[in-house]
Amino acid sequence: MSTAVFPALIDCHVHFREPGLEHKADMATEGLAAFHGGIRTVCEMPNTNPGTHTVAAFADKVERAKRIADKCDIRFYFGAVASAHVAELEALWTKPENEALKKRCSGLKLYLDNSTGNMKADESVVEEAFALCGRLRIPLVAHCECSSINNEAAEAHPPTTVEAHSKRRPESSEVTSIRSAVTLAEKHGTLLHVAHLSTAGGLELVRDAKKRGLPVTCEVTPHHLFLTTADYPEMQSRIKVNPPIRTHEKEHLWVGLLDGTIDCVATDHAPHLMDEKALGPNAPSGMPGVEVVLSLMISVVAGHWPHPTAPPPACLTAGKDGGLEGIDFAALKMLMFTHPNAIFSLGCDAKDAIEVTTEGERIIRNEDMHSKCQWTPYDGWKVKGRMALAVTRSFNAVFKVRCCVSL
Ligand code: DOR
Ligand code: ZN
Ligand code: ZN
């Protein structure tokens, strides 16, 4: 049995849908979901309605986040689809009167490929954005690895068999946008963070950029770590997502986690209602994750692969008789606290703590979710280990008040 005390964790990629899409989720519901998942700081994406493209829209989000501040510290990405938005970001970053707002900004999110919200940036805007972020040292998060044709349409009907999936574009052709992002980052000295890395080809590009000393980092989602297209027949459009669930890449992503190429585990928590997900060809892309990611990862540390039918990746089982080896609590803390804290200069300290242990087990259940959407792709999965929320303001204090949530 092993235990550890972590500072409350960070998820540097979530969609909380407020303002404009509150029928799916809002800051209060998703902030609470994060809290119950052991996550106390999140960086929230700009594809809300209105999009977070102006100082005024940004200020509105910061104001709204205050009502959940005791549970969840929400930072926000700025978004840009047009030149005017890049100018707004510059104003946010440089004008003295915006100093307080700037502290709530984790960086710029740029859609180099299509996704929910149609926020793909024009080519000229992309170059401008890399240049500004390079000059002002603003972290730039790039959404890549989706077909350049409208991905919503391309992915409209998730293939329900592995054979059907293999007829789609080859996975290796989907890394073009990562290649151009790395080129632009090199040209402008931009701090580039590749969102939701999902392919071996993309991983290779990040590995190479790091070797060359470029300030390039990346994250991986739990759904790309635990799901493959073999899950389509059972999970169908619930696991329709951008970038899509892959067939063979999971193995490589775990290798990337173990060898340190992947810096963060981030959920891309993208809640959509079950009714919307049941819309077949018109189902929106994305799935929730903020409430279960830690449970899934603790289970791996505890030596139990949580997927009910698929085998664990070979890199985790090498040299162990049936158990898993490779990720321990120290590594998990790096992936879900230390690295995102440093990459986005979040300044999180250890004032709130969580205790994690490999002891115990539970079944993940839809009905236990706090997210407004009330479902999880991992419903029915058994996970080993658990976390306890240690309500303390001092990391060194003995945890006198401890509430064990049934996670
Ligand atoms: O599948 C996705 N859903 N990918 C994204 O990048 C956006 C997200 C959403 O907002 O629903
Ligand atoms: Zn994205
Ligand atoms: Zn996202």
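How each quantity is defined
- Residues numbered from 1 in each chain as written.
- Chains lettered and ligands numbered in written order.
- Predicted model: local features only at pLDDT ≥ 70, side-chain atom pairs only at ≥ 80, totals over all residues.
- Heavy atoms only, no water.
- UniProt positions renumbered as here; feature names shortened; annotations may be inferred.
- Near = heavy atom within 4 Å.
- Polar contact = N/O pair within 3.5 Å; in protein donor to acceptor, adjacent residues only side chain to side chain.
- Areas by Shrake-Rupley, 256 points an atom, 1.4 Å probe, with all protein chains shown as cover.
- Nonpolar A, V, L, I, M, F, W, Y, C, P; charged D, E, K, R; others polar.
- Pairing = 2+ DSSP bridges.
- Helix = DSSP H or I, 4+ residues; strand = E, 2+ residues; numbered from the N terminus.

For the protein, the name recorded in an unreviewed UniProt entry is Dihydroorotase, with Neobodo saliens as its organism. Among the UniProt annotations of the protein, the heading Cofactor (unreviewed entry) holds the following wording: "Zn(2+)".

Caption draft 1: Spotlight on the site of ligand 1. Looking at ligand 1, there are 12 residues lining it, with Arg-17, Asn-47, Ser-115, Asn-242 and His-272 nearest. Between Arg-17 and ligand 1, the recorded distance is 2.8 Å, taken from a side-chain N or O atom to an oxygen atom. At a separation of 3.3 Å, an oxygen atom of ligand 1 approaches a polar side-chain atom of His-143. Burial of ligand 1 by the surrounding chains reaches 100%, relative to a free accessible area of 290 Å². Taken together, the residues that form the shell around ligand 1 break down as 2 nonpolar, 9 polar and 1 charged.

Caption draft 2: The arrangement of the sheet that holds strand β3 (residues 39-44) in detail. Strand order in this open sheet of 8 strands is β2-β3-β4-β5-β6-β7-β8-β9, and the pairing throughout is parallel. For this open sheet the edge positions go to β2 (9-14) and β9 (264-265), each flanked by a neighbour on one side alone. As paired elements, β2 and β3 share 4 bridges and run parallel to each other. In the sheet register, Leu-9 faces β3, and the bridge partner there is Ile-39.

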